[in-house]
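Residue-level structural notes
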Amino acid sequence: DGGSFKSSWYYLSTEKKSWTESRQDCLGRGAHLVIINSKEEQEFIYEWSGCLDTYLGFHDTNTEGVWEWINDGALDQSSAPVTTYWRDGEPNDAHTGEDCAHLSKKVSDPLKSWNDVPCTTNIHWMCEKTTSTL
Ligand code: 2F8
Ligand code: CA
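Conventions we followed
Residues numbered from 1 in each chain as written. Chains lettered and ligands numbered in written order. Predicted model: local features only at pLDDT ≥ 70, side-chain atom pairs only at ≥ 80, totals over all residues. Heavy atoms only, no water. Buried < 20%, exposed > 50% of the residue type's maximum accessible area, 1.4 Å probe, protein only. Helix = DSSP H or I, 4+ residues; strand = E, 2+ residues; numbered from the N terminus. Arc of directions from axis to C-beta. Contact = heavy atoms within 4.5 Å. Disulfide = S-S within 2.5 Å.

Let's shift gears to helix H2 (residues 39-48). Listed in full, the buried residues belonging to H2 are Glu 41, Gln 42, Ile 45 and Tyr 46. The arc that holds every buried residue of H2, seen down its axis, measures 135 degrees, which confines them to one face. Where H2 is buried, its residues contact strand S1 (9-12), strand S5 (100-103), strand S6 (114-117) and strand S7 (124-129). Gly 50 sits one or two residues past H2 and shows a positive phi near 60 degrees.

Structurally, a disulfide amounts to a covalent bond that connects the sulfur atoms of two cysteines. For the structure shown, the criterion picks out two disulfides. Between the sulfur of Cys 26 and that of Cys 127 lies a disulfide, 2.1 Å long from S to S. Torsion about the S-S bond of the Cys 26 and Cys 127 cystine: about -85 degrees, corresponding to left-handed handedness. Pair noted here: Cys 26 is in helix H1 (residues 19-28) and Cys 127 is in strand S7, with a separation of 101 residues, a long-range link. Just as Cys 26 is buried, Cys 127 falls in that class too. Paired through a disulfide, Cys 100 and Cys 119 show a sulfur-sulfur distance of 2.1 Å.

This is the structure:
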């Protein structure tokens, strides 16, 4: 519907964890790692995360190169659009493999701000509860 972020609840972590631990933390809060459903939500999340790099619920852990949103229970997740906001040159699956996406603040364009990193990288994360799960 393009406007669901307006009725979402967001949580910004104070700790840093791996992607899997971050995902688990959100589940423990009755939430899920952030799912970007619209350009407006991307812009909102970009501002709201301040200076912190934060994990998104986006990964290609199942099939290299096939990026997908997690399906952790929220009703809007399976319908999340495939619109992506990668930084120039990303995703590049660098190092020994990078299968988890995060919002990177080392950029000037909010609409080109995602990067893939190894899922074991400890960074901050953001959880979301949509109206369907609130
Ligand atoms: O910007 C390119 C490259 O920068 C880093 O690697 C040197 C990132 N790695 C980590 O943040 C762990 C890469 O993901 C990124 O593609
Ligand atoms: Ca990368």
